[in-house]
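Chains, contacts and geometry: an overview
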Amino acid sequence: MNRRKIHYSTLDSTVRGISTKVKTLALISLTAILSIPIVPASTSRTNVSAATVASQDQAIVHLLNRITYGPRPGDVERVKEMGVNAFIEEQLHPERIEDSKITDRVKQFETLNENTQELYSMQPKELVTELQQAKVLRAIYSERQLNEVMVDFWQNHFNVFVGKGADRFLMTAYDRDTIRPHAMGKFKDLLLATAESPAMLFYLDNWMNSTPNVDYAEVAREVRAERQQNGQMPNPNFPGGINRPVRPGGGFGGVGGGIGAIRRQQQRQQQQQKQAQGVLGKNRKLGINENYAREIMELHTLGVNGGYTQKDVIEVAKCLTGWSIRQPRNDGEFVFREGMHEKGDKFVLGQKINAGGMRDGLQVIDLLAHHPSTAKFISTKLVRRFVSDNPPQSLVDKVAQTFMSTDGDIRSMLKTIFTSQEFNSPDNYRAKMKTPLEMAISAVRAVGGEATDASAIVRQVGRMGMPLYQAQPPTGYPDVAESWINTGLLLERMNFALQLAANKLPGVSVDVKQLAPGANPKEPATYTDHLIKEILHGSVSQQTMVALNKPMPQLTSTRFDGNGTVADNAPLVKTVALLLGSPEFQRR
Amino acid sequence: MSISRRFFLKSGGIAMASMAAAPMFLRRAVAFGNPDGKSAGGKKVLIAIFQRGAVDGLNVVVPHGEEDYYKLRPSIAVPRPKSGEKDCAIDLDGHFGIHPAFASFKPIYDQGHLAFIHAVGSPDNTRSHFDAQDYMESATPGSKSTQDGWLNRYLVSNTDPKASPFRAVAFSQALPRTLKGKAPAVAMANISDFQIRTGPNGNGKGIEDAFEALYGSGNDIVSATGRETFEAIDMLKKANPQQYQPANGAQYPRGPLGNSLRQIAQLIKADVGLEVAFTDVGGWDTHANEGGATGQLANRLTDFSQSITALYQDLGDKMENVVVLSMSEFGRTAAENGARGTDHGHANYMVVLGGPVKGGKVYSHWPGMKREQLYEGRDLAVTTDFRDVFGEVSMKHLGSQNAGIIFPGYQLSSKNFLNFIG
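Residues numbered from 1 in each chain as written. Chains lettered and ligands numbered in written order. Predicted model: local features only at pLDDT ≥ 70, side-chain atom pairs only at ≥ 80, totals over all residues.

Check the secondary structure of chain B and you find twelve helices and twelve strands. Once local pairs closer than 6 in sequence are excluded, the contacts in chain B between residues at least 24 apart make up 71%. (Helix = DSSP H or I, 4+ residues; strand = E, 2+ residues; numbered from the N terminus. Contact = placed C-beta atoms within 7 Å.)

Attention now goes to the sheet that holds strand S4 (residues 97–98) of chain B. Strand order across the open sheet formed by three strands is S2-S4-S3 (chain B), with antiparallel pairing between neighbours. Of all strands in the sheet, those bounded by a partner on one side alone are strand S2 (61–62) and strand S3 (90–91) of chain B. (Pairing = 2+ DSSP bridges.)

All right, on to the nonpolar core then. Ranked by internal contacts, the top residues of the largest apolar core, which has 270 residues, are Ile417(A), Leu500(A), Ala501(A), Val576(A), Leu580(A) and Val352(B). Setting aside its immediate chain neighbours within four residues, Val352(B) contacts Ala115(B), Ile117(B), Val323(B), Val324(B), Leu325(B), Val357(B) and Phe420(B). (Core = buried A, V, L, I, M, F, W, Y, C linked by C-beta atoms within 7 Å. Buried ≥ 20, exposed ≤ 12 C-beta atoms within 10 Å, placed from the backbone.)

Another point: unusual backbone geometry. Residue and element names in this part refer to chain B. In this model, Asn248 sits at a positive phi of 55°, which is unusual for a non-glycine residue. Residue position: Asn248 is located in the loop between helix H8 (221–239) and helix H9 (256–269). In this model, Arg340 sits at a positive phi of 55°, which is unusual for a non-glycine residue. Looking at the secondary structure, you find Arg340 in the loop between strand S9 (322–327) and strand S10 (348–354). Among the residues examined, Arg340 registers 19 C-beta atoms within 10 Å and is labelled partly exposed.

Moving on, we come to the pairing of strand S5 (residues 114–121) of chain B. Each regular strand carries side chains that alternate between the two faces of the sheet. Residue and element names in this part refer to chain B. With eight of eight residues buried, S5 lies mostly within the body of the structure. Bridging between S5 and strand S12 (residues 384–385) involves two bridges; their strand directions are parallel. Paired with Gly121 across the strands is Asp385, a residue of S12.

Residues and elements named next belong to chain A. Between helix H8 (residues 124–141) and helix H10 (residues 167–179), the least distance of the axes is 8 Å, while the angle of their chain directions is 30°. Taken as axis vectors, H8 and H10 run roughly parallel relative to one another. The interaxial crossing formed by H8 with H10 has left-handed handedness. For the pair H8 and H10, contact is made by Pro124, Leu127, Val128 and Leu131 and by Arg168, Phe169, Met171, Thr172 and Asp175, respectively. (Axes fitted to C-alpha atoms, helices over the stretch in contact; angles between N-to-C directions. Parallel < 35°, antiparallel > 145°, perpendicular 65-115°, else oblique. Left-handed = near helix turned anticlockwise from the far one by under 90°.)

All names here are of chain A. Averaged over every residue, the pLDDT of chain A is 83; residues scoring 70 or more account for 80%. Note that pLDDT drops below 50 for residues 1–53; the model gives that stretch 70 contacts with residues more than four away or on any other chain. The low-confidence segment residues 554–567 (pLDDT under 50) makes 28 contacts with residues lying over four places distant or belonging to another chain. (pLDDT = per-residue confidence, 0-100.)

Time to look at helix H20 (residues 410–418) of chain A. Taken residue by residue, H20(A) has Ile410(A), Met413(A), Leu414(A), Thr416(A), Ile417(A) and Phe418(A) as its buried positions. Packing partners of the buried residues in H20(A) comprise helix H3 (56–67), helix H5 (84–92), helix H11 (187–195), helix H18 (372–386) and helix H19 (393–405) of chain A.

Turning to the pairing of strand S1 (residues 45–51) of chain B, a few remarks are in order. Residue and element names in this part refer to chain B. Most of S1 sits out of view: seven of its seven residues are buried. Every second residue of S1 is oriented toward a common face, with Val45, Ile47, Ile49 and Gln51 on one face and Leu46, Ala48 and Phe50 on the other, all of them buried. Where S1 and S9 come together, six bridges link them in parallel fashion. Each bridged residue has a counterpart across the sheet, and for Ile47 the counterpart in S9 is Val324. The pairing of S1 with strand S8 (residues 276–281) spans six bridges and is parallel. Counted as the bridge partner of Leu46 is Val276 from S8.

Further remarks concern the confidence of the model for chain B. Residue and element names in this part refer to chain B. Looking at chain B, the pLDDT average stands at 88 and 89% of residues meet or exceed 70. Low pLDDT, under 50, characterises residues 1–41; the predicted model gives this stretch 36 contacts beyond four residues in sequence or across chains. Model confidence for the complex is summarised by a pTM of 0.81, with the ipTM given as 0.78.

Moving on, we get to the environment of Val510(A). Tracing the sequence through the fold places Val510(A) in the loop between strand S6 (508–509) and helix H24 (512–515). For Val510(A), a count of 27 C-beta atoms within 10 Å corresponds to the buried category.

This paragraph deals with the packing of helix H15 (residues 291–300) of chain A against helix H16 (residues 310–319) of chain A. Residue and element names in this part refer to chain A. Between H15 and H16, whose axes approach to 8 Å, the crossing angle comes to 120°. With respect to H16, the axis of H15 lies oblique. Between H15 and H16 the crossing geometry is right-handed. Side by side, H15 and H16 meet where Ala293, Arg294, Ile296 and Met297 of the first sit next to Asp312, Val313, Val316 and Ala317 of the second. Here the contact of H15 with H16 is built from residues that sort into six nonpolar, no polar and two charged. (Nonpolar A, V, L, I, M, F, W, Y, C, P; charged D, E, K, R; others polar.)

Under the 1.5 Å per step criterion, the end-to-end length of H8(A) is 26 Å for 18 residues, consistent within 8% with the ideal 26 Å. For H8(A), the tally of buried residues reaches 13 of 18 residues, placing the bulk of the element in the interior. (Expected span 1.5 Å × (residues − 1).)

What follows covers the environment of Ala502(A). On the secondary structure map, Ala502(A) appears in the loop between helix H23 (487–501) and S6. For the pair Ala502(A) and Tyr141(A), spaced 361 residues apart in the sequence, the C-alpha separation amounts to 21 Å.

Residues and elements named next belong to chain A. Mapping Ala440 onto the fold places it in helix H21 (residues 436–446). Along the chain, Ala440 and Ala497 lie 57 residues apart, while their C-alpha atoms are 8.3 Å from each other. Residues within four places of Ala440 in sequence aside, it is in contact with Ile457, Gln460, Val461, Met464 and Phe496.

Written out as structure tokens, the structure is:
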């Protein structure tokens, strides 16, 4: 018992302050003498968890790990100077943070500022590439870190898969106009924005959610008006689907009498139906489509156990009939089609809804956005993101209260989390596994990497299992450890660490020498501790320490870009690679 | 000295037993060489091949006995079998024939190791590639929020504590939907990628050892997985992928599918514990100029059938425990369109081969192709739910006992099985 205590306290002192070489050696030999397992079971997550009182530095590192994409060199000192609370306040108000550097930087991606109609004439691959690169560059370099974290959070919560049909053209606007403006605002605004977004309407099929009793004359009237407004041509870039533009006025005139009139009327109806169906999708039988109605409750608001029934799903679907896209293959604009809307009373969660037209759907969204189940569900997910895979109920309750009392104010909920005791509990330090995106971005930030081209990072994030904007199911990418840890994905993480440290990621330059000024590669003791502090911020398991202190491999034959030969830099490169690829660095 | 994993391997099972802290995977590795353990050579294997883009099953397994087939496809139908002629269907049973590009399958069919399934598909009527693939991979048609794929749920349903890290492998850049889920599964484009990559001149051994030491002793899940990673790397090294020579004169076509199947054969022969392999192949979305006995589709089918035939030859006796199963998200319209192609339809075909398959037969509750027999008046109707095929393979071939886990919300019943597994 006693011995264990000694062991822990020695470890703690190693962790808290940064050990000198002497201390480390003493620790290793002590372990050897005691001949107990090298890493005690209770320290499996991190040695820090053995500590009962968090040091100020630890609290700052923890905060940076959770509300940013990880500390850059100098960040800990900066936060220390300005104070933890001031930093939280700053991050909660991204609009007050000067961020022109990254704003200027993403200007090179011209598609990001194009309107959707223009995008339809471009190559989908280019659009996706620019979105991915911008996302990575913003995550690395934006000073509005929390905002970027929240954009990622909501992108997954309201996931849209860029590979589904027209969504390759609609994602740009979804990212820019739907998610970003509302990432720190009111939940109901975000929910409504997604409900009206062509990207979501297409992804979850609500654009063709219609009453089975379509008023084709009405739809045709709307379509004609829209098309006369702006003459549309079929889109050569859309694979498979060609919507022939309808000749305005064709077959819609003609007044007469007798049998000829009836025939003409029949013809007119057929034509209207054909025309409407052309817009609504070739060969589609129109009717209620429940997909979006189900997911808006199950995944976006109430949660799967949020107290709704299959009947509610159908009723919500009826309320949302007619929420559609003008021409999904040519012009991704939201449109409400009266002719597709299901009229009459609907009952959702015990409440009668018959406001008429588009207001039926608006009323449903309002109902869902303020429901206590929604407060609970959103709070749980936020706490899972920022605190632990097993969200502490006490904190979830507090955040849900904030949701209810602030009309779903995202900023206020975040503040409740960051200032809570649970957030700062040492048990939660390094308790979260980094997603592949978080791992890659935090690594580049940790070594002060300079990315002129983010495509290699994008590719590697994909190889680590998280191709950006390409989560297929509406759940988005998972936010729990078990999803990201398997042999193949872990290997990719190590390979990423190695490539980055060795300056072999195309378009990304890293100067390991800068990380350890004054280091003498021939004397690892001069920089190992320094790098541990710089990259892992003071806490390192013993297996990592042992691995770091193993004799250097002779990497003499490979040259590295710009920074001299491996012979010079190999020990530094190796140390940085191992630290970024260590079990500790996979957690935040 | 630090005690290495290799030391344990050398000192065998007794040393292992005394080492409570030994990683799971070590114990598995030891068990592989143990006569009491599951013999890797006898392991049941499933190779699933997804034909993405909706292959035109009606031109693959041709209902040449249907008059309507020829009426509906005046320019692209595969001609009726004629003895001595090449550019026509190869008869199977007087009603169905196969596309001439499938010629290499015919001997395997005749040997009784290859069968076709027809009019199989999804109860959902979506004609969107994305949705239909999604539904087929999750095996929950109509339900979008299913997070995991059916093959991963199979792995979960048949937990194997001795599972190797290569129990489930996808030859693709990213893990496909089919294999996403709780059970570990590995995606790789090439076996040779599965290592610490140090570049052409790098001396990788030093850095690899250092990484290995990093994960050497921690009790947390990351460290344990890290140890499995290095075990896996070693396993592949022993399989020596660079030196691979296909057996029995098998020649894999040079293409992504041939490349994937060759590597799957390598893994099977190397006894790395492979149970479920997945790969996919595209190029089937033939809206225009599809061709008939020759042409666009024919070329794709040649690559497809010859790749699989090469695998069959290469594996030889090992096919005894292997089942290859193809799938595609939906079929194509019964009638050809104005561009001499076909549009998105409904029911489709599948090919299934291997030792456990009762071959030499087309399994189908054939719905017919008269207008009133067609689904929505235009597509081949689905008479076999694809989940009954997946279910039969999971239960009867792979030996899962728990269909409920694999097919949530679907009452799987052996009554609905086609019984193509012997």
